Amino acid sequence: MKYDFKSIENKWQQEWEKNKLYKAVKDESKPEYYCLEMFPYPSGNLHMGHVRNYCIGDVVARFKKMNGFNVLHPMGWDAFGLPAENAAIKHGIHPAEWTWNNIANMRSQLKQLGLSYDWDREIATCHPKYYKWTQWFFLLLYKRGLAYRKKASVNWCPSCGTVLANEQVVDGACERCKTEVEKKELEQWFFKITDYADELLDDLEKLPGWPEKVKTMQKNWIGRSEGVEFSFVAEKNGEKIPVFTTRPDTVYGVSYIVLAPEHPLVESLSKGTEYEAQVREFRKKMEKYNEIARTSAETEKEGMFIGAYAINPMNGEKIPIWTANYVLLSYGTGAVMGVPAHDQRDFEFARKYNLPIKVVISPKDATLVPKEMSEAFVDEGILVNSNGFNGMISSEAIKAIGKYMEEKGIGKFKVNYKLRDWLISRQRYWGAPIPMVYCDKCGIVPVPEEDLPVLLPENVKFNFKGTSPLKESEEFINTTCPKCHGPAKRETDTMDTFVCSSWYFLRYTDARNEAMPFERSKVDYWMPVDQYIGGVEHAILHLMYSRFFLKVIRDAGLVSASEPFSNLLTQGMVLKDGAKMSKSLGNIVSPEEIVKKYGADTARLFILFAAPPERDLEWSDQGVEGCSRFLQRVFRLVDELSRKLSSAKTEGECDAYIRRITHKTIKKVTEDIGERFNFNTAISAIMEMVNELSDYKDRDISKKVLSESLDTLLLLLAPFAPHLAEELWHKLGHTRSVYLEKWPSYDAAAILEDEIEIVVQVNGKVRDKIVIPVNTPEEEVKEAALKQERIAPYIKDKKIVKVISVPGKLVNIVVK
């Protein structure tokens, strides 16, 4: 029989959908399992990275279902965002039309892969019935004092008329239109994620199922540090210049301080000096660079003296005030102290600009001479040149000097964070409108919950300047104040799309609820997500924001869980010719073409077989063809052996061996999927089983053993190649879906072998192999090895120095 994958896959996809095979219903009698892959942005077509992500999740979901779990495996669309708006401008099509067309196409592609999604729970963040609740959560945060509005310095593209994220600024210009970016002060909405900084940090230790790399990235992003905050005093006007340091033990070694270019004191302190014009130019130059570029380790540190001095409160020394690119107003106090002898960055900056280097910590067994230093001394040492603290060990001096500062009113101990509040305002149309109005009489007023959703107006015009149509939509802007019922204006900013994706996993638990975002009993039954799967590029923003959101929702009494994702798998990229697939490189492989040519099961099998999920995967056309040939071989083998079942005997001479192979494969595949997610080695084990069955297909195997072996093969193959497994399962005479069957368990007794193969070496080189009964005494094994005909030539006329035995594995004969 010919393996007609097209008709087989189409047939079973329709059957599964008709029978709602993957529909999830709350069932207290079963253990629940929530398997979730990060939902895609509907760009138009799936790429191989998508296919890999979703196939990994599908194997896990199917495996858990067959192991008796009540599985929730949903899919939806992260559908708001700038690309849709850019498409509207470029093609003259409304973002909604562009988005929904893309969703329809990508949904069809997902279904062609045979993924086990409960499509009844499908969501799209751009649907009013979804973003109504995104707005509801905004109001929840506002009521709890976690949403606020303030002026903020932003990257502004005058051509696009919008704020740009740091990542959208390339070499000081807008990545889309290449216009030079300006800094602009705008009223923006923020979420107070900093209120949860400690919990976000501490709870990372409660996530053993997360990769250490991701946890470390989040720890660094939160950036909790303990230190002392104190102030230098500007000599010119007596203004205090607060700084934060984790190394108060080095305070006597400060030889300069640095202010962020945008720090207000830079302008006032340089005014009237000979440096005023140069400082102004430097500040203007720094406006072109985003924070990521300025603080990058690869970026050269630039700075200049501003013509002013400050007094160190600990010793009264007068030190120069500089401004430099690596100091940010948004982090800490916007000012840092320079201690070049004991900080490598400061050391390099001081060497570049010929600034003084003052040693205040010395190694225990050496004396440091500033002129002879090639790098900063950052290890523990003994304090020198530090007044009354001389002779103290530096680790002890940190506390002692901090305590002294507090007692003298100079400074105070403080905990600092790199984490900043989340700026959620976007000057764009295609996003969830922020549900606030502005009234001349009442001020800022939230939209009442009963008036949600605040709908995006459909009759809008997009212009090539890129400004948001909401700013020009009179029907949207003009409204009535909910308090005084007088005229008011709507907020025209929309929310960052990360707000939409920070709670979507909760909506899946009760996706059609129109009275509330979800029912507590349902969300508590399914949450937290047992296995979350997605790219490591989301390690910070999406994963951090989702954790923050859930903690806020928990504190509001809406859920019990404190963390959204118990286990996290970050899959590697799919590469072609050693590089990530991209249109510019011309190395894109279309999933549709692969499915059309080889079938969905082949695409799935290759993407899971080619590499462990957390590793990058190199695309191989030969590998795809190999997987296709393997599935054809399975089809022919099962077809051939199924016809032998009716005439098979009640006992067979090969029964013990075939049972051993069958149950060893069950054990291997079960452990590789369930414990390690080593899908590639699980598939390899299935391939070995197929090889053994092929070798023994003409031998004497009983009906019972052959039937068990064929059933087992298909049950084990089912998560990887669902269509083929379902087709052959029914061909064997079964009437229920293979996915409603129980995952096989192995018989430990069947795995025990009567005989084992032992490698025989001479001086470490393999010269023969022998098969001996299990549990043969060690001396008898050695004796048998020495008697082998193939070994004789290698030991003849030589002295046997010793015979080494590794039980169950090898014998090594050492000769001279």
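The name an unreviewed UniProt entry gives the protein chain is Leucine--tRNA ligase, with Tepidanaerobacter syntrophicus as the organism. UniProt's Subcellular location (unreviewed entry) comment on the protein chain is quoted here verbatim: "Cytoplasm". Database annotation for the protein chain, UniProt heading Sequence similarities (unreviewed entry): "Belongs to the class-I aminoacyl-tRNA synthetase family."

A. A look at the overall build of the protein chain. On a plain count of helices and strands, the protein chain comes out with 27 helices and 34 strands. Its C-alpha atoms give the protein chain principal-axis dimensions of roughly 105 × 80 × 50 Å. Out of the 816 residues belonging to the protein chain, those deemed buried represent 53%. Taking all contacts inside the protein chain whose residues are at least 6 apart in sequence as the whole, residues at least 24 apart take part in 71%. Looking at the protein chain as shown, the accessible area adds up to about 37300 Å², and 49% of this sits on carbon and sulfur atoms. Here the protein chain contributes 112 positive and 115 negative side-chain charges, whose respective centroids are spaced 1 Å apart.

B. Quick peek at the environment of L637. Checked against the element boundaries, L637 lands in helix α20 (residues 621-642). When the C-alpha atoms of L637 and P448 are compared, they prove to be 66 Å apart, with 189 residues separating the residues in sequence. Setting aside residues no more than four positions away along its own chain, L637 makes contact with V690, L693, S694 and K697.

C. Summary view of the packing of helix α19 (residues 600-609) against helix α24 (residues 722-731). Here α19 crosses α24 at 120°, and the two axes come no closer than 7 Å. Here α19 lies oblique to α24, going by the angle between them. Residue-level inspection shows A600, D601 and R604 of α19 in contact with α24, the latter providing P722, H723 and L724.

D. Looking closely at the sheet that holds strand β34 (residues 810-815). The four strands lie next to each other as β32-β31-β34-β33, forming an open sheet whose pairing is mixed. Single-partner strands in this sheet number two, and they are β32 (765-773) and β33 (800-806). Averaged over all pairs of adjacent strands, the angle between strand axes in this sheet comes to 20°, irrespective of strand direction. Of the strand pairs in this sheet, strand β31 (residues 755-762) and β34 are connected by four bridges, and their pairing is parallel. Within the sheet, the bridge partner assigned to V760 lies in β34 and is V811. Contacts from helix α26 (residues 778-786) reach β31, β32, β33 and β34 within the one sheet, and its direction differs from that of β33 by about 125°.

E. Region of interest: the packing of aromatic side chains. A complete count under the given rule lists 50 aromatic pairs for this structure. Where F677 meets F679, the ring centres are 5.7 Å apart and the plane angle is 25°; that geometry is what we call stacked. In this structure, F677 and F679 share a single accessibility class: buried. The side chain of K150 reaches across the aromatic face of F190, ending 4.9 Å from its centre.

F. Geometry of the side chain of S386. Note on placement: S386 falls in the loop between β17 (382-383) and α12 (394-407). Setting aside residues up to four positions removed in sequence, S386 forms contacts with Y252 and V360.

G. How the structure looks around the sheet that holds strand β2 (residues 70-72). Here we have four strands laid out as an open sheet, ordered β2-β1-β26-β27, and parallel in their pairing. At either end of the open sheet lies a strand with only one pairing partner, and these are β2 and β27 (568-570). The mean inter-strand angle of the sheet, taken between neighbouring strand axes irrespective of direction, is 15°.

H. Structural view of the UniProt feature "binding site: ATP" (unreviewed entry) in the protein chain. Those places that UniProt annotates as "binding site: ATP" (unreviewed entry) correspond, in this numbering, to K583. Positionally, K583 belongs in the loop between β29 (579-580) and α18 (591-598). On the basis of relative accessible area, K583 is assigned to the exposed category, the value being 80%.

I. Highlighting the pattern of salt bridges. Within the structure shown, the criterion is met by 55 salt bridges. For K318, the salt bridge is made with E235, and the minimal N-O distance between the two is 3.8 Å. Taken together, the positions of K318 in strand β14 (residues 318-324) and E235 in the loop between β10 (225-234) and β11 (240-245) put the pair 83 residues apart, joining distant regions of the chain. Of the residues examined, K318 reaches a relative accessible area of 49% and is grouped as partly exposed. Here E235 falls in the partly exposed class, since its relative accessible area comes to 44%. R659 is the salt-bridge partner of D747, the closest N and O atoms lying 3.7 Å from each other.

J. Representation of the packing of helix α1 (residues 5-18) against α24 in the model. Close contact between α1 and α24 brings their axes to 9 Å; oriented N to C, the two are set at 85°. Relative to α24, α1 is oriented roughly perpendicular. Between α1 and α24, the residues in contact are I8, E9, K11, W12, Q13 and W16 and P722, H723, E726, E727 and H730, respectively. Grouping the constituent residues of the contact of α1 with α24 by class yields four nonpolar, three polar and four charged.

K. Quick look at a negative patch on the surface. Where like charges cluster on the molecular surface, the negative patch consists of E375, D379, E380 and E396. By the secondary structure assignment, D379 is in the loop between β16 (361-362) and β17.

L. Inspection of the pairing of β14 at higher detail. Within β14, six of the seven residues are buried, leaving the element largely enclosed by the surrounding structure. Sheet topology note: the strand β13 (residues 303-311)/β14 ladder contains seven bridges and is antiparallel. Counterpart to Y309 in the pairing with β14 is P320. The turn linking β13 back onto β14 is made up of six residues, and G316 within it adopts a positive phi angle of 75°.

M. Examining empty space enclosed by the protein more closely. Throughout the structure, instances matching the rule amount to one cavity of 30 Å³ or more. Roughly 50 Å³ of volume is contained in the largest cavity. Around the largest cavity sit L46, Q109, Q112, L113, P591, E592 and V595, which together line it. Element by element, the count of residues in the lining of the largest cavity is highest for α18, at three residues.

N. Examining α26 more closely. Every buried residue of α26 is accounted for by V781, K782 and A785. In an axial view of α26, the angular spread of the buried residues amounts to 95°, which keeps them on one side of the axis.

O. Examining the environment of P370 more closely. Its place among the elements puts P370 in the loop between β16 and β17. Judged by relative accessible area, P370 falls into the partly exposed class, the value being 27%. Taking the C-alpha atoms as reference points, P370 and W619, separated by 249 residues in sequence, lie 55 Å from one another. Residues in contact with P370, not counting those within four places in the same chain, are R351, I357 and V359.

P. Geometry of α19. Of all 10 residues making up α19, nine are buried, and the element is well covered by its neighbours. Of the positions making up α19, those classed as buried are A600, D601, T602, A603, R604, L605, F606, I607 and L608.

Q. Focus on the environment of P356. One can find P356 in the loop between α11 (344-353) and β16. Remark: the alpha-carbon pair of P356 and P340, spanning 16 residues in sequence, is separated by 7.9 Å.

Cut-offs used in this document
- Residues numbered from 1 in each chain as written.
- Predicted model: local features only at pLDDT ≥ 70, side-chain atom pairs only at ≥ 80, totals over all residues.
- Heavy atoms only, no water.
- UniProt positions renumbered as here; feature names shortened; annotations may be inferred.
- Helix = DSSP H or I, 4+ residues; strand = E, 2+ residues; numbered from the N terminus.
- Buried < 20%, exposed > 50% of the residue type's maximum accessible area, 1.4 Å probe, protein only.
- Contact = heavy atoms within 4.5 Å.
- Areas by Shrake-Rupley, 256 points an atom, 1.4 Å probe, with all protein chains shown as cover.
- Lys, Arg positive; Asp, Glu negative; His and termini not counted.
- Charge placed at Lys NZ, Arg CZ, Asp CG, Glu CD.
- Axes fitted to C-alpha atoms, helices over the stretch in contact; angles between N-to-C directions.
- Parallel < 35°, antiparallel > 145°, perpendicular 65-115°, else oblique.
- Pairing = 2+ DSSP bridges.
- Phe/Tyr/Trp six-rings, centres within 6.5 Å; stacked < 30°, edge-to-face > 60°.
- Lys NZ or Arg CZ within 6 Å of the ring centre and 35° of its normal.
- Salt bridge = Lys/Arg side-chain N within 4 Å of Asp/Glu carboxyl O.
- Nonpolar A, V, L, I, M, F, W, Y, C, P; charged D, E, K, R; others polar.
- Patch = residues over 30% accessible without salt bridge, like charges linked within 9 Å, V, L, I, M, F, W, Y side chains within 5 Å.
- 1 Å grid on protein atoms, 1.4 Å probe; cavity = no way out; pocket = protein on both sides within 12 Å on 5 of 7 lines; lining within 4 Å.
- Points joined across faces, edges and corners; volume = space filled by probe spheres on them.
- Arc of directions from axis to C-beta.

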